[in-house]
Every structure is written in C-alpha cells, then in structure tokens.
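Here is what each chain is made of, one letter per residue.
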Amino acid sequence: MFEKYLDFRSDTVTRPTPAMRAAMAAAEVGDDVLGDDPTVNRLQRRVAELLGKEAALYVPSGTMSNLIGVRLHCRGGDELICESGCHIYNYEQAGYAQLSGVAARTVEGKYGVMRPEQLHGLIRPDNTHLVRTRLVCLENTHNRGGGRIQPYDVVEAICRWARENGLRTHLDGARLLNAVVATGIDAASWSQHFDTVSICFSKGLGAPVGSALAGPREWIDQGVRHRKVLGGGMRQSGVLAAAALYALDHHVDRLAEDHGNARRLAAGIERIEELELAGDAIDTNMLFFRVDRLGTTADAFLAKLQQRGLGMLSTAPTTIRAVTHLDVTADDVDRAVAILEDAVLSVG
Ligand SMILES: *Cc1c(COP(=O)(O)O)cnc(C)c1O
C-alpha cells in the first residue's frame, strides 16, 4: 500500500545496519558472566573513558541500568528525588520500590527541567518516622520534556547542592549523546557532576540492545552482583556489545541529522493550522504536538496516520509524540508532513 512505513514512534525502532550486523557477526566473544568476553570488556572500557569514569557495566536495558544505579546508592527505606515526568518514575514500573524498597519524591519541572531552589528543603531530617533522603536523579535529554537538554548550569547547581548535602547523584543519560552533539559539551563534562551515569545504545545510537552504567570502580564491581540477581548476566554478549561499539564509532555525530529532521518536522507541523506544537523549542530528536483544535483524540488521529503509513505515539489524550532517528531521512520527514496534512483534511 505504501512504499515505506514511516516509523516516528520512537528512536528505538531502528534496525541494525548491514555494517553493524557485520561487526556483530565478526565479534570475538567469551562468557561474560565469567568475565571473559573481550568485546564486552572493550565496550565497558570505551564507555568508562567516554564518560570520564573509572569503570562501566554493560546491561540489557536502560531500565536495568537505572535500577542498578539506584540500588548502588540506596537501600530499603531510602528516598530518591526526581523530576515528576522522568522515565525512572513513570516508565520503569517503579522498580526502585518494587524490587528495592526505595521511595521516590517528585519535583515538577518545566519541560523536565527543575530549578535548583525547588530541591532546597526537601532533605528529610533524621527522624525514625521518616525515610532517608539519599539520591537525586536527573534525566538528560528529558524524554517527556520533549527531548529537552538540561541547562548545564542547572545540572552543575543541582549536583553541587546534592554533594554538599551528602546526597548521591545519578544521571539517566539514555539520550546523553544527543545532548552532547546538540551542545558540543562532551560526555565526560556532563558526567563529571554525577556519581553514576547510564547511557543507552538502543535509542538514537541504533544498536538493537543494551545500555551501560558508569561510575567508580568499586561500585561498578558491586553493580555486577545487582545485574546478576536481576537476571542481566549474559554469556556471549560480545555479539551485542559489538553493535554498541559500532554505534559509538559511527552513529554519534550523525545524531545532528536527527535533530535537523526533528526541526524540519516541527516546521512542517507549524504550517498546519489545526495542529499545535507543544513546548517552546526543539532541542534534539523529539517533538510533541496537540490535536485539540481538530476536535479529535490522539488515538483517532493516529489511526488515520497509521492507515497512511505513518507511525507516531500518543502520550496523553490529545497529545502525540514524534521521534526522528537513523531510519528516517529528510525526505521521509517531508512525506510525513504531507500525510499529516492529508489526515487533517480527512477529519470531520
Ligand atoms: C528508553 C529510556 C530508558 C530505558 O529504557 P529501556 O527500554 O529499558 O532500555 C531510560 N530512560 C529514558 C529517558 C529513556 O528514554
């Protein structure tokens, strides 16, 4: 019916490229649970270096990476502070609570960005009635914030405040490299403010699987135990790590194209009167728009897009998210805009 399904649902939908598959096929492997997969070891050293940390751990998903981060910092009866729209709080089944007995306290940011003063006063006093405030988690770029880049000075100020008050810090950097490419501030500079940092290879970087958690050697060694009990000990995972290494070599700088394509899509949507962009800027590879003016719901509108070969996701009753990635070109964006126009005309 349509020559190419245009999949803007997420940057996780990318398929490994032929060259990435070739790198996977050629990977030297061993049993990583026994510590002897050379490709995994190479990836872990590479990530540690990239993020300016002593060590890193390859894990199956960002959810596991964040949970291990939380478990390194918190025990049962501790509390973490995070932004109310963040992935850890909203999209990871509150694993910190289910599996680790940790509570969360949220602060509402603007497009995912908290003001440092909002955190002041949130540390609970030492009192048997209360949980122990232990950790601050930030997300960069912020997914629900529309791919928002955390302002560098905000990151610095929040982490400094946390450190001065004896709190640990964790960065959910699933899309940290998008922030790096968009700002020109390198990954180690962003990461230096945090005790632990998680990055994903399966988002914009285009690998089929995997994330990594970086931090001090001693903690990452502990992280190996957490990974095992969570079922994340993998054997010849060098086959997968090879994809991540390939992505770090070949798919980082090109994130700029995704950012350009997101702006191109936003410009197209702006020309369609019935659709309304949410947010005040397109920082990276994501955008949200509303269909309220059409008098329809996101799901009904998405069905029309789907019929025309365009996939996007609803994130609220009248809000739709679109994400650009390795498998969409500028031409695809133009076709997507044409489909949006056609779908708008068909409503009503
Ligand atoms: C995708 C994502 C994760 C991790 O998700 P997995 O699907 O478990 O890999 C974590 N944080 C953010 C912000 C994400 O977008």
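For clarity, every value in this text was computed on a predicted model and none was experimentally measured.

1. Considerations on the packing of helix H3 (residues 62-73) against helix H9 (residues 217-229)
So, step 1. Interhelical geometry of H3 versus H9 gives an angle of 120° and a closest axis separation of 9 Å. In terms of orientation, H3 lies oblique with respect to H9. Considering only the axes of H3 and H9, their crossing is right-handed. Here H3 contributes Met64, Ile68, Arg71, Leu72 and His73 to the contact with H9, which in turn contributes Trp219, Gln222, Gly223, His226, Arg227 and Val229.

2. What about the site of the ligand?
So, step 1. Lining the immediate surroundings of the ligand are Ser61, Gly62, Thr63, Asn66, His87, Glu92, Glu139, Asn143, Asp172, Ala174, Arg175 and Lys203.
So, step 2. With respect to the ligand, the side chain of Thr63 contributes an N or O atom lying 2.5 Å from an oxygen atom.
So, step 3. The side chain of Asp172 places a nitrogen or oxygen atom 2.6 Å from a nitrogen atom of the ligand.
So, step 4. Protein contact buries 83% of the 380 Å² of open area that the ligand shows by itself.
So, step 5. With three residues, H3 is the single largest residue contributor to the shell around the ligand.
So, step 6. Class assignment of the residues belonging to the shell around the ligand gives a composition of one nonpolar, six polar and five charged.

3. Topic: the sheet that holds strand E8 (residues 211-215)
So, step 1. One open sheet holds the seven strands; their spatial order is E2-E8-E7-E6-E5-E3-E4, and the pairing between them is mixed. Pairing within the sheet leaves two strands with one partner each, and these edge strands are strand E2 (55-59) and strand E4 (103-107). With direction set aside, neighbouring strand axes in the sheet form an average angle of 20°.
So, step 2. Pairing of strand E6 (residues 168-173) with strand E7 (residues 196-200), which is carried by four bridges, proceeds in the parallel orientation. The residue of E7 that forms the bridge with Leu171 is Val197.
So, step 3. Packed onto the sheet, H9 meets E2, E6, E7 and E8 and runs at close to 15° relative to E2.

Thresholds, definitions, all that
- Residue positions within a chain follow its written sequence, with the count starting from 1.
- It should be noted that, the model being predicted, local features are given only for residues of pLDDT at least 70 and side-chain atom pairs only at 80 or more, the latter also being counted only at that level, while totals for whole chains, interfaces and linings use all residues.
- Values shown for side chains rest on all heavy atoms present in the structure; no hydrogens or waters enter the calculation.
- Note on definitions: angles span 0 to 180 degrees between N-to-C directions of axes, and those axes are lines fitted to C-alpha atoms, for helices only across the stretch in contact.
- Think of it this way: any DSSP run of H or I at least four residues long counts as a helix, any run of E at least two long counts as a strand, and we number them from the N terminus.
- When an angle is under 35 degrees it counts as roughly parallel; over 145 it counts as roughly antiparallel; between 65 and 115 it counts as roughly perpendicular; any other value is oblique.
- Crossings are classed by handedness, with left-handed meaning an anticlockwise turn of the near helix from the far one by less than a right angle and right-handed meaning a clockwise turn.
- Note on definitions: a residue-residue contact is assigned when non-hydrogen atoms from the two residues lie within 4.5 Å.
- Throughout, the term near means that a residue has one or more heavy atoms lying within 4 Å of the molecule or strand in question.
- Any N or O atom pair separated by 3.5 Å or less is treated as a polar contact, with the protein-specific requirement of one donor-capable and one acceptor-capable atom, and with residues adjacent in sequence counted only for side-chain atom pairs.
- For the accessible areas, the method is Shrake-Rupley and the probe is 1.4 Å, while residue cover comes only from the protein chains on display.
- Think of it as three bins: nonpolar holds Ala, Val, Leu, Ile, Met, Phe, Trp, Tyr, Cys and Pro, charged holds Asp, Glu, Lys and Arg, and polar takes everything else, Gly as well.
- Strands pair, by our definition, only if DSSP identifies at least two bridges between them.

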